[in-house]
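Below are the chains, spelled out letter by letter.
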Amino acid sequence: MKRTIIITGGAGFIGSHVVRLFVNKHPEYKIINLDKLTYAGNLANLKDIEDKPNYKFVKMDICDFEAVYQLMQDEQVDGIIHLAAESHVDRSIKDPFTFAKTNVMGTLSLLQAAKLYWESQPVPYQVAHSSQSTVQCLFYHISTDEVYGALAMNHPEGIPAPHQTIASAHSSQLETHGSLAYGSEFFYETTKYNPHSPYSASKASSDHFVRAYHDTYGMPTIVTNCSNNYGPYQFPEKLIPLFINNIRHRKPLPVYGKGENVRDWLYVEDHARAIDLIFHKGKIAETYNIGGFNEWKNIDLIKVVIKTVDIALGRVALNDEQRALSSSQLTAHSSMPDSAFPDLDLITYVTDRLGHDARYAIDSTKLQKELGWEPSLQFEEGIEKTVRWYLDNQDWMDNVTSGDYQKYYEEMYKPTQS
Ligand code: NAD
Ligand code: DAU
C-alpha cells in the first residue's frame, strides 16, 4: 500500500533508526524526515539511506505551524511518527523554556497542522492517494517512561525480575544484574502521570495534547512510552556514549550521587522495531509501554561499560581460557576480578542531578501479549555491540564532539565550589 509518512526528529538518535527501518522495510512508502537539525540532529546518522528513492529530508522546525501545514498538503501526508523533541534531562534543568517550546508547542503545532489537513479530506482522517488506495491517517506520538515519575527502590539488593523474555532468560543464565528488579512496583499504561523534571513535564504535557486531539476531534492517535534506549548514533551527552568516549580518552566518569539510580535499558533497534509494529498493528487511542525488562543500577551498568571497553581496547591481560570467551561472557560472569580492569579508577562521584528520579521500570507485557513484541538482545551483548560501534566510528564521535560540545561539557561538569 502506498503511504506518505513524516517522521519528525529523524536525524536524532532514535529517529534515525526508525527512518532507516521504514525506508528499508517499506520501499512502497514515501518517508519524509522532518528535522530542525539542532545540536542533537545529524544527517551523518543516515548516510547509508540518504540516496534511497523513497526517502526525503526536509529541514523544518515543528514549531513552524504554517510550514508544517503546507508540507502536509504538498506531500499528502497520511501518517506522522513524532519523535522530534529536546530530550536531555540535564539540559531541561538549565533551560526549561526551550523544552516547553519544542516539546509542548511544537507537538501542538504538528497536531493542529495534521487536524486541518486531515479534516479537509473528502472523508475526514482518510487520505486518498489514488482511487484504489485510501489510507486511514495516524498521529503516532513517541514518549517516555519518565512521565510516570519515579518508583520506590524497596528491594535495593535486587529480587528476581517477575517478567521473562528470551533475552532476560539469557541474563538469568549468565547470572547478570539484568535479571533483577529493584522494587515491587512497575510502570503500567494505567499508572498516573507524575513527572518531576522540566523534560518529563514537557513530555507529559505533549502526551495530554495528543490524547486531547483524539478525544475532542476524533484524530486517530497512538502514544507509546519507552524506557532508556542505548545503541549507535546516540549523542554523547547521554550516559552510555559519554562514558564510552571518556573511557577511550581516559577522562573521569562523572557518576551522579551514589550511582544507585535504576534505569530500564532497551537496545534502540528493538525500540524501532516496536514502533514499526505499533504503527501498523496498534489500536487507535491506545497507549503501549515499551521497555527492556532490564533494570540496572547506574554503577553496575557503568562497570559493565568500562570492562567492555577495556577488553575491546586490549587494556586487560587475558589468559587463553579467557580469550576463548566473548566480551559479554567475561563481563557477565564476573569471571575476572575488578582489579584486572584499569579504567574502573576513572569512576568519579559528583554532585547529584537535581530531582534525580530513583527508579524507572517499565512493564511492557501489554505489548508482548497483544502484539507479540519483546526485546531481542541480552544486555551485555547489546553493550558489546554498542561499544564496538562507537570505537569503530571514532570519526562520527570526533565530529559531534567538536564545536559547541566542549563548551557544554565544561559548563555541565564544572567542579562545584565547596
Ligand atoms: P535526540 O535528542 O537524539 O533527537 C531529537 C531530534 O529532534 C534531533 O534530530 C533534533 O534535531 C530534532 N529536533 C529538536 N527540536 C526540533 C524542532 N523544534 N523541530 C524539528 N526537529 C527538532 O532524541 P532521542 O533520544 O532520539 O529521542 C527521540 C524521542 O524519543 C523524543 O521524543 C524522546 O522524548 C523520546 N524518548 C527517548 C528515549 C531515549 O532513551 N533516548 C526514551 C524514550 C523516549
Ligand atoms: O527513561 C527514558 C529517558 O531516558 C528518555 O526519555 C530521555 O530522553 C533520555 O535522555 C533518558 O533519560 P535519563 O536521564 O535516564 O538518561 P541519561 O543518559 O541522561 O542518564 C542515565 C542515568 O545516568 C541517570 O540516572 C543519570 C545518570 N548519569 C547521567 C549522566 C549524563 C550520570 O550518573 N552521569 C552522567 O554524566
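Because the structure is a prediction, the values reported are computed rather than measured.

### Observations regarding the domain arrangement of the protein chain
Accessible area lost upon the coming together of the parts serves often as the stated size of an interface.
1) Next: Here the domain parsing of the protein chain yields domain 1 (1-150 + 186-226) and domain 2 (152-183 + 235-264 + 294-351 + 379-410).
2) Next: For domain 1 versus domain 2, the distance between C-alpha centres works out to 31 Å.

### Some details on the site of ligand 2
1) Next: Around ligand 2, 19 residues are found, and the nearest of them are Ser87, Thr144, Lys238, Leu239 and Tyr256.
2) Next: Looking at the shell around ligand 2, the elements that each hand over two or more residues are helix 7 (239-248) and strand 12 (253-256).
3) Next: With three residues, the single largest contributor to the shell around ligand 2 is strand 12.
4) Next: For the shell around ligand 2, the residue count by class is seven nonpolar, seven polar and five charged.

### Some thoughts on the environment of Lys25
1) Next: With respect to the element layout, Lys25 can be found in helix 1 (residues 13-25).
2) Next: Put simply, Lys25 and Gln121 are 96 residues apart on the chain and 28 Å apart in space, counted from C-alpha to C-alpha.

### Re helix 5 (residues 166-173)
1) Next: Considered for burial, the residues of helix 5 that qualify are Ala167, Ser168 and Ser171. With its buried residues spanning 95 degrees around the axis, helix 5 presents them on a single face. Along helix 5, exposed side chains directed more than 90 degrees from the buried face belong to Ile166 and Gln173.
2) Next: Of the surrounding secondary structure, the elements contacted by the buried residues of helix 5 are helix 13 (379-392).
3) Next: Glu175 lies just past helix 5 and shows a positive phi near 55 degrees.

### Quick look at the sheet that holds strand 11 (residues 228-230)
1) Next: The sheet built from three strands is open, its strands ordered 11-13-15 with mixed pairing. At either margin of the open sheet sits one strand with a lone partner, and together these are strand 11 and strand 15 (295-297). Between one strand axis and the next, the sheet turns through 50 degrees on average, direction left out of account.
2) Next: As judged from the three bridges shared by strand 13 (residues 262-267) and strand 15, these two strands associate in the antiparallel manner. Bridging across to strand 15, Asp264 finds its partner in Glu295.

### Some points on the packing of helix 1 against helix 8 (residues 268-281)
1) Next: One way to put it is that helix 1 packs onto helix 8 with a least axis distance of 9 Å and a crossing angle of 55 degrees. Judged by the angle between their axes, helix 1 and helix 8 are oblique. The element helix 1 and its partner helix 8 pack so that their crossing is right-handed. Side by side, helix 1 and helix 8 meet where Phe13, Ile14, His17, Val18, Leu21, Phe22 and Lys25 of the first sit next to Val268, Glu269, His271, Ala272, Ile275 and Asp276 of the second.

### Structural notes on the nonpolar core
1) Next: If you look at the biggest cluster of nonpolar residues, it comprises 100 residues, and the most contacted ones within it are Ile7, Val18, Ile81, Ala114, Phe243 and Val305.
2) Next: For this core, the domains that each give at least three residues are domain 1 (1-150 + 186-226) and domain 2 (152-183 + 235-264 + 294-351 + 379-410).

### Quick look at the site of ligand 1
1) Next: Gly9, Gly12, Lys36, Gly41 and Ala85 are the nearest of the 30 residues found near ligand 1.
2) Next: Put simply, the parts of the chain that give the shell around ligand 1 at least two residues each are helix 1, helix 4 (96-119), strand 7 (138-144) and strand 11.
3) Next: The element contributing the most residues to the shell around ligand 1 is helix 1, with three residues.
4) Next: A class-by-class count of the residues in the shell around ligand 1 yields 13 nonpolar, 12 polar and five charged.

Cut-offs applied
- Every chain's residues receive numbers from 1 upward, in the order its sequence appears when written.
- To read the labels, note that chains go from A and ligands from 1, taken in the order they are written.
- Totals for whole chains, interfaces and linings use every residue, but because this is a predicted model, local features are given only for residues with pLDDT of at least 70 and side-chain atom pairs only at 80 or more, for both listing and counting.
- What fixes the domain bounds is an automatic or database domain assignment.
- The criterion for a residue being near a molecule or strand is a backbone-placed C-beta atom within 6 Å of that molecule or strand.
- Only runs of H or I of at least four residues qualify as helices and only runs of E of at least two qualify as strands under DSSP, and these elements are numbered from the N terminus.
- All amino acids are sorted into three groups, where Ala, Val, Leu, Ile, Met, Phe, Trp, Tyr, Cys and Pro are nonpolar, Asp, Glu, Lys and Arg are charged, and the leftover types, Gly among them, are polar.
- Each residue is classed by its C-beta neighbour count within 10 Å, where at least 20 other C-beta atoms makes it buried, 12 or fewer makes it exposed, and intermediate counts make it partly exposed; the C-beta atoms are placed from backbone geometry.
- Our arc is simply the arc of the directions from the helix axis toward the C-beta atoms.
- Here, residue contact means that the backbone-derived C-beta atoms of the two residues sit within 7 Å.
- Only strands that DSSP links by at least two bridges are regarded as paired with each other.
- Axis lines are fitted to C-alpha atoms, over the contacting stretch for helices. Their N-to-C directions set the angle, which ranges from 0 to 180 degrees.
- Angle categories are assigned with fixed cut-offs, so that under 35 degrees is roughly parallel, over 145 is roughly antiparallel, 65 to 115 is roughly perpendicular, and the rest are oblique.
- Take the far helix as your reference; a near helix turned counterclockwise from it by less than a right angle gives a left-handed crossing, and one turned clockwise gives a right-handed crossing.
- Here a nonpolar core is just a set of buried residues of the types Ala, Val, Leu, Ile, Met, Phe, Trp, Tyr and Cys, joined wherever their C-beta atoms sit within 7 Å.

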